[in-house]
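# Structure assessment
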Amino acid sequence: AQSVTQPDIHITVSEGASLELRCNYSYGATPYLFWYVQSPGQGLQLLLKYFSGDTLVQGIKGFEAEFKRSQSSFNLRKPSVHWSDAAEYFCAVGASAGNMLTFGGGTRLMVKP
Amino acid sequence: EPEVTQTPSHQVTQMGQEVILRCVPISNHLYFYWYRQILGQKVEFLVSFYNNEISEKSEIFDDQFSVERPDGSNFTLKIRSTKLEDSAMYFCASSPDSGKNYNEQFFGPGTRLTVL
């Protein structure tokens, strides 16, 4: 069965600092990997996705993520965090079209001025 | 840009009552999903639907739950007899079966269900 672990429940960074959110997955084959962001009271917005090819993927809002098969990781990064990035971030893994997504527990990001 | 919509945004019901949550997926999408998120917990898969039938469901999706695509645009989740533990945010999602967004699930804003 597929699973996703986000080891950090809360992270606080200063505005302008760099950010890395960790995600580890367990899946038997090549996974489809996603990062979603959820602002308070809002739905889930896709930041980026990895299906195949280049292991460094670029997303919206200046985010990127790197797929490392050897470490079963798909960590999310941003070089300079903005106050508006404060939200909850979810990593998810899926098998293929039409299949369920399995989400991690989420990481709540707080941004200090 | 097309988006998934859900109604109502908030539903309050009494335990034992039936509720129907409604979703309008993106018009050219063929896969539809329901997920739920209990307050403070992770998002959990409930069911996926394709070609007018359930393609996958989780153990959460028991006989109290059902899904339907009553017409060409709506996708509904019915909870037959609500329990306190059904209180959660319910998200609808849809995805295409081809094209550049193949495999990407687009989520609606959610319906917050409160069971009293």
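Residues numbered from 1 in each chain as written. Chains lettered and ligands numbered in written order. Predicted model: local features only at pLDDT ≥ 70, side-chain atom pairs only at ≥ 80, totals over all residues. Heavy atoms only, no water.

## Describing the overall build of chain B
In terms of helices and strands, chain B carries 0 helices and 11 strands. Secondary structure elements in chain B, listed N-terminal to C-terminal, are β-β-β-β-β-β-β-β-β-β-β. Taking 13 Å as the expected radius of gyration for a compact globule of 116 residues, we find that chain B reaches 14 Å, a close match to that expectation. Oriented by its inertia axes, the alpha-carbon framework of chain B measures out at about 45 × 25 × 25 Å. (Helix = DSSP H or I, 4+ residues; strand = E, 2+ residues; numbered from the N terminus. Rg over C-alpha atoms; globule rule 2.2 N^0.38 Å.)

## Description of the confidence of the model for chain A
Model confidence for chain A is summarised by a mean pLDDT of 93, while 98% of its residues fall at 70 or above. Within chain A, the element-level pLDDT minimum falls on strand β6 (residues 45–50) of chain A, averaging 93, and the maximum on strand β9 (residues 73–78) of chain A, averaging 98. (pLDDT = per-residue confidence, 0-100.)

## What to know about the interface of chain A and chain B
Facing 21 residues of chain A, the contacting portion of chain B comprises 20 residues. A combined buried area of about 1,700 Å² lies between chain A and chain B, and 54% of that area is made up of carbon and sulfur atoms. Linking chain A with chain B are 1 salt bridge. The partner of K49(A) in a salt bridge is E104(B), and the shortest N-O contact between them spans 2.6 Å. For the interface between chain A and chain B, the tally reads 7 residue pairs in polar contact (both at pLDDT 80 or more). (Contact = heavy atoms within 4.5 Å. Buried area = accessible area lost by both parts, 1.4 Å probe. Salt bridge = Lys/Arg side-chain N within 4 Å of Asp/Glu carboxyl O. Polar contact = N/O pair within 3.5 Å; in protein donor to acceptor, adjacent residues only side chain to side chain.)

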